[in-house]
Amino acid sequence: MAHISKFVRPGAVRVDSNQEKGKLENVAFRNPDGTMVLVAATTGEEDASFKVVINGKEFHYSLPAKSAVTFRWKPINASGRLP
């Protein structure tokens with residue numbers, strides 16, 4: 001919880017989450033300043049590869065078994081401003 005609180009700020013809103021029990025679990029938040037945070041964890045014995053898509057852009061990541069990762073980014077829309 002202490003780790004997540006460094007990235008997910010007070011007033012953040014959960015925007016999406018997925019759970020594949022025993023595989024990959026994740027949750028995404030939008031902070032009040034517009035930054036996005038994605039926390040993903042593998043809860044099983046196998047590595048998990050996944051793709052994150054936002055505003056038509058994507059990235060891929062491979063997460064080892066029984067580990068977690070946090071991504072934080074400031075999305076930019078077509079006008080160059082925060083959405």
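Attention here is on the structure that accompanies the text. Because the structure is a prediction, the values reported are computed rather than measured.

What counts and what doesn't
Residues numbered from 1 in each chain as written. Predicted model: local features only at pLDDT ≥ 70, side-chain atom pairs only at ≥ 80, totals over all residues. Heavy atoms only, no water. 1 Å grid on protein atoms, 1.4 Å probe; cavity = no way out; pocket = protein on both sides within 12 Å on 5 of 7 lines; lining within 4 Å. Points joined across faces, edges and corners; volume = space filled by probe spheres on them. Helix = DSSP H or I, 4+ residues; strand = E, 2+ residues; numbered from the N terminus. Nonpolar A, V, L, I, M, F, W, Y, C, P; charged D, E, K, R; others polar. Buried < 20%, exposed > 50% of the residue type's maximum accessible area, 1.4 Å probe, protein only. Salt bridge = Lys/Arg side-chain N within 4 Å of Asp/Glu carboxyl O. Pairing = 2+ DSSP bridges. Core = buried A, V, L, I, M, F, W, Y, C linked by side-chain atoms within 4.5 Å. Contact = heavy atoms within 4.5 Å.

### Quick look at the layout of surface pockets
Reported here for the largest pocket is a volume of approximately 310 Å³. Residue lining of the largest pocket: 19 residues in total, with Asp16, Asn18, Asn26, Leu38 and Val52 positioned closest to the centre. Among the elements of the structure, β1 (13-19), β2 (24-30), β3 (36-42) and β4 (48-54) are those that each provide at least two residues to the lining of the largest pocket. When residues in the lining of the largest pocket are grouped by element, the largest group, five residues, is from β4. Residues belonging to the lining of the largest pocket are distributed by class as follows: 13 nonpolar, three polar and three charged.

### Looking at unusual backbone geometry
With a phi angle near 55°, lysine 66 is a residue other than glycine that sits in the positive phi range. Tracing the chain through its elements places lysine 66 in the loop between β5 (57-63) and β6 (68-73). The class for lysine 66 is exposed, based on a relative accessible area of 58%.

### What about the pattern of salt bridges?
Under the counting rule described, the total for this entry stands at two salt bridges. Two residues, glutamate 45 and lysine 66, come together in a salt bridge whose shortest N-O distance is 2.9 Å. Of the two residues, glutamate 45 is situated in the loop between β3 and β4 and lysine 66 in the loop between β5 and β6; the sequence distance between them amounts to 21 residues. Accessibility classification places glutamate 45 together with lysine 66 in one group, the exposed group.

### As for the pairing of β2
Here β2 lies mainly inside the structure; six of its seven residues are buried. Two elements, β1 and β2, share six bridges in a ladder whose sense is antiparallel. Counted as the bridge partner of aspartate 16 is alanine 28 from β2. Relative to β3, β2 runs antiparallel, the two being bridged by seven bridges. Bridge pairing in β3 places glutamate 25 opposite alanine 41.

### Focus on the nonpolar core
Burial of nonpolar side chains together is a common tendency in soluble globular proteins. Ranked by size, the top nonpolar core spans 10 residues in total: Leu24, Ala28, Leu38, Ala40, Ala48, Phe50, Val52, Leu63, Val69 and Phe71. Of all the elements in the fold, those that place two or more residues in this core are β2, β3, β4 and β6. Ranked by residues supplied to this core, first place goes to β4 with three residues. With residues near it in sequence (within four places) discarded, alanine 48 still touches Leu24, Thr42, Tyr61, Ser62 and Leu63.

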